[in-house]
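Structure assessment
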Amino acid sequence: MKNLNICIDIDGTVTEPFYWLDKANSYFGKNLKPREIRVYDIEEAMGLLPGDYDRFYDEFGEELHRGARIRSGVTEVIRRHHLTHYIHFVTARDKRMKDVSIEWLKSHNIALDSISLLGSHDKAGKAAELACDIFIEDRYENALQLSEAGYDVILIDCSYNKGPLPSNVTRLKHWYQVDRFIAEYSVMYDSLELVL
Ligand SMILES: [Mg+2]
C-alpha cells in the first residue's frame, strides 16, 4: 500500500472555524453570528478598518490559538490514517505561532509527521515539496489554487467558503466523511497502481 502524503490546514479545518469570534466581537463592539461571516477575510467580514484585526491578533492571537476548540472526530480520524499515511500540517500562521501550534496539536493527541508555518496563504509550493496527495483546507481561494496546481483537495464546508468547485475538490461537512474519503482514495490509488 502506498503511503499518502496528507497535508492539513489548521484554522477552520481541524479547529472550529469561529473560536476567535466571541473575543473579536467584544473587542470591536460587534455582535456577529457565525452564519453572518460570509467571507474569509475577517476585516471585511466584520466591517473593520485595515490593520484593525492585525492589532487584535498581535494582542490575543496566541491566547486564541491556545484555547481553540477542536472539530469533532479530528483526533480519531488523523490517528487512524497516521498508521498508514504521512500527516503534514501546513498553516498560514506566522512562525512565531509555532510553539503554541505544536502544544495545541499535542494537547489534543493529534499525530503528525511535520508542521510548516508559512506566514502566507500561498500553499502550492509547500504542497509540491511534500509531494502532497490530498490537501484538507477550509479557505476557498486555497482550494482553487491547490486544485489548479493539480492536487486533490477536501474543502471542509463553512459559511465563508461557498462557491462552485472544480472536479478535484470535494466539499465535506464532517471529519467522519474525511475518514471515508481517505480510505476510499487509498484503495483506489492501490488498484490504479496494480493496473499500471
Ligand atoms: Mg484555515
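As the structure is a prediction and not an experimental result, all values here were calculated from the model.

How each quantity is defined
- Residues numbered from 1 in each chain as written.
- Predicted model: local features only at pLDDT ≥ 70, side-chain atom pairs only at ≥ 80, totals over all residues.
- Helix = DSSP H or I, 4+ residues; strand = E, 2+ residues; numbered from the N terminus.
- Rg over C-alpha atoms; globule rule 2.2 N^0.38 Å.
- Buried ≥ 20, exposed ≤ 12 C-beta atoms within 10 Å, placed from the backbone.
- Core = buried A, V, L, I, M, F, W, Y, C linked by C-beta atoms within 7 Å.
- Contact = placed C-beta atoms within 7 Å.
- Right-handed = clockwise from strand over helix to strand, strands pointing away.
- Pairing = 2+ DSSP bridges.
- Axes fitted to C-alpha atoms, helices over the stretch in contact; angles between N-to-C directions.
- Domains from an automatic or database assignment.
- Nonpolar A, V, L, I, M, F, W, Y, C, P; charged D, E, K, R; others polar.

**Here's the deal with the overall build of the protein**
For the protein, the helix and strand inventory stands at eight helices and six strands. Ordered by position in the sequence, the α and β elements of the protein form the string β-α-α-α-α-β-α-β-α-β-α-β-β-α. Radius of gyration (C-alpha) of the protein: 17 Å, near the 16 Å computed for a compact globule of 196 residues. Along the first, second and third principal axes, the C-alpha set of the protein runs to 60 × 35 × 30 Å. Of all 196 residues assigned to the protein, the portion counted as buried reaches 29%.

**Details of the nonpolar core**
The biggest cluster of nonpolar side chains holds 29 residues, and the ones touching the most others in it are I6, F135 and I136. For this core, the elements supplying multiple residues, two or more each, are β1 (5-8), α4 (74-82), β2 (86-91), β4 (134-137), α7 (140-148), β5 (152-156) and α8 (175-195). With four residues, the single largest contributor to this core is β5. Those residues in contact with I136 that sit more than four places away from it in its chain are I6, I8, D9, T13, I154, I156 and V178.

**Let's talk about the pairing of β5**
Counting buried positions over the five residues of β5 gives four, a clear majority of the element. Handedness of the β4-α7-β5 crossover: right-handed. Where β5 and strand β6 (residues 169-172) come together, four bridges link them in parallel fashion. The residue bridging L155 from the neighbouring strand is R171, located in β6.

**A look at the sheet that holds β6**
Strands sit in the order β3-β2-β1-β4-β5-β6 across an open sheet of six strands; the sheet is parallel. Lying at the two open borders of the sheet, with one neighbouring strand each, are β3 (114-117) and β6. The mean inter-strand angle of the sheet, taken between neighbouring strand axes irrespective of direction, is 20°.

**Some points on unusual backbone geometry**
One non-glycine residue, N109, lies in the positive phi region at around 55°. Here N109 lies in the loop between α5 (98-107) and β3. A positive phi angle, near 50°, is found at A131, a position not held by glycine. Relative to the elements of secondary structure, A131 occurs in the loop between α6 (124-129) and β4. Using a count of 11 C-beta atoms within 10 Å as the deciding quantity, one classes A131 as exposed.

**Section: the domain arrangement of the protein**
For the protein, the assigned domains are domain 1 (5-16 + 70-195) and domain 2 (21-66). The gap between the C-alpha centroids of domain 1 and domain 2 is 24 Å. Taken together, the contact pairs eight residues of domain 1 with 10 residues of domain 2. The element best represented in the side of domain 1 that touches domain 2 is α5, accounting for three residues. Along the lines of polarity and charge, the residues of the side of domain 1 that touches domain 2 split into five nonpolar, two polar and one charged.

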